[in-house]
Amino acid sequence: MIDQQQGREQSSEVRRRSAGIAAFVAGLVVTLAFFAFWPGLPHVIDWGAIVVAVLVGALARWICRSWMGKRGKGSE
């Protein structure tokens, strides 16, 4: 019984990690795409846009993991 519970916890952590990575990449790509196409010509992504994109990706990951954590605790 304890082994089954540990297995569920590990699979839950793997899902949270995968979802966090996907959220980070999605936030990063969407933000870079925004900065690539929004300002108009020339299509230049500078260091400021890269830093903002990484921060948005980190924020998306944090929100995703927080939401999944609350959702997991609510189902117990």
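Given the structure is predicted, the values throughout are model-derived calculations rather than measurements. (Residues numbered from 1 in each chain as written. Predicted model: local features only at pLDDT ≥ 70, side-chain atom pairs only at ≥ 80, totals over all residues. Heavy atoms only, no water.)

K.L.:
Mind showing me how you'd approach the overall build of the protein here?
P.N.:
When helices and strands are counted, the protein shows two helices and zero strands. Expressed as a percentage of the 76 residues in the protein, the buried residues total 16%. Restricting to contacts in the protein with at least 6 residues of sequence separation, those with at least 24 account for 68%. With the model as given, the accessible surface of the protein reaches about 6100 Å², and the carbon-plus-sulfur share is 67%. (Helix = DSSP H or I, 4+ residues; strand = E, 2+ residues; numbered from the N terminus. Buried < 20%, exposed > 50% of the residue type's maximum accessible area, 1.4 Å probe, protein only. Contact = heavy atoms within 4.5 Å. Areas by Shrake-Rupley, 256 points an atom, 1.4 Å probe, with all protein chains shown as cover.)

K.L.:
Quick question: what am I supposed to make of the environment of Asp46 here?
P.N.:
With respect to the helices, strands and loops of the structure, Asp46 is situated in the loop between α1 (2-37) and α2 (47-74). Distance in space between the C-alpha atoms of Asp46 and Phe35 is 9.0 Å, their sequence separation being eleven residues.

K.L.:
I tried to follow the environment of Val52 on my own but got confused; where do I start?
P.N.:
Position of Val52 among the secondary structure elements: in helix α2. Other than its neighbours up to four places away in sequence, Val52 contacts Thr31 and Phe35.

K.L.:
Would you explain the packing of aromatic side chains in this entry?
P.N.:
Both the distance between ring centres and the angle between the ring planes are used here to describe each pair of aromatic rings. Applying the stated criterion across every chain yields a total of one aromatic pair. Between the aromatic rings of Phe34 and Phe35, the centroid separation amounts to 5.4 Å while the plane-to-plane angle is 75°, which identifies the pairing as edge-to-face. In this structure Phe35 comes out as partly exposed when scored by relative accessible area, which is 25%. (Phe/Tyr/Trp six-rings, centres within 6.5 Å; stacked < 30°, edge-to-face > 60°.)

K.L.:
When you look at a nonpolar patch on the surface in this model, what are you seeing that I'm missing?
P.N.:
Together, Ile45, Trp47, Ile50 and Val54 give the surface a local cluster of nonpolar side chains, amounting to about 400 Å² of exposed area. Position of Ile45 among the secondary structure elements: in the loop between α1 and α2. Ile45 gets classed as partly exposed once you look at its relative accessible area, which sits at 36%. (Patch = residues over 30% accessible without salt bridge, like charges linked within 9 Å, V, L, I, M, F, W, Y side chains within 5 Å. Salt bridge = Lys/Arg side-chain N within 4 Å of Asp/Glu carboxyl O.)

K.L.:
Help me understand the environment of Leu32 in this model?
P.N.:
Following the sequence through the fold, Leu32 ends up in helix α1. For the pair formed by Leu32 and Ala53, sequence separation is 21 residues and the distance between their alpha carbons is 6.0 Å. Not counting residues up to four positions away in its chain, the partners in contact with Leu32 are Ile45, Ala49, Ile50 and Ala53.

K.L.:
Could you clarify how one ought to interpret the side chain of Arg65 in this entry?
P.N.:
Mapped onto the elements of the fold, Arg65 is located in helix α2. Assessed through its relative accessible area of 18%, Arg65 is described here as buried.

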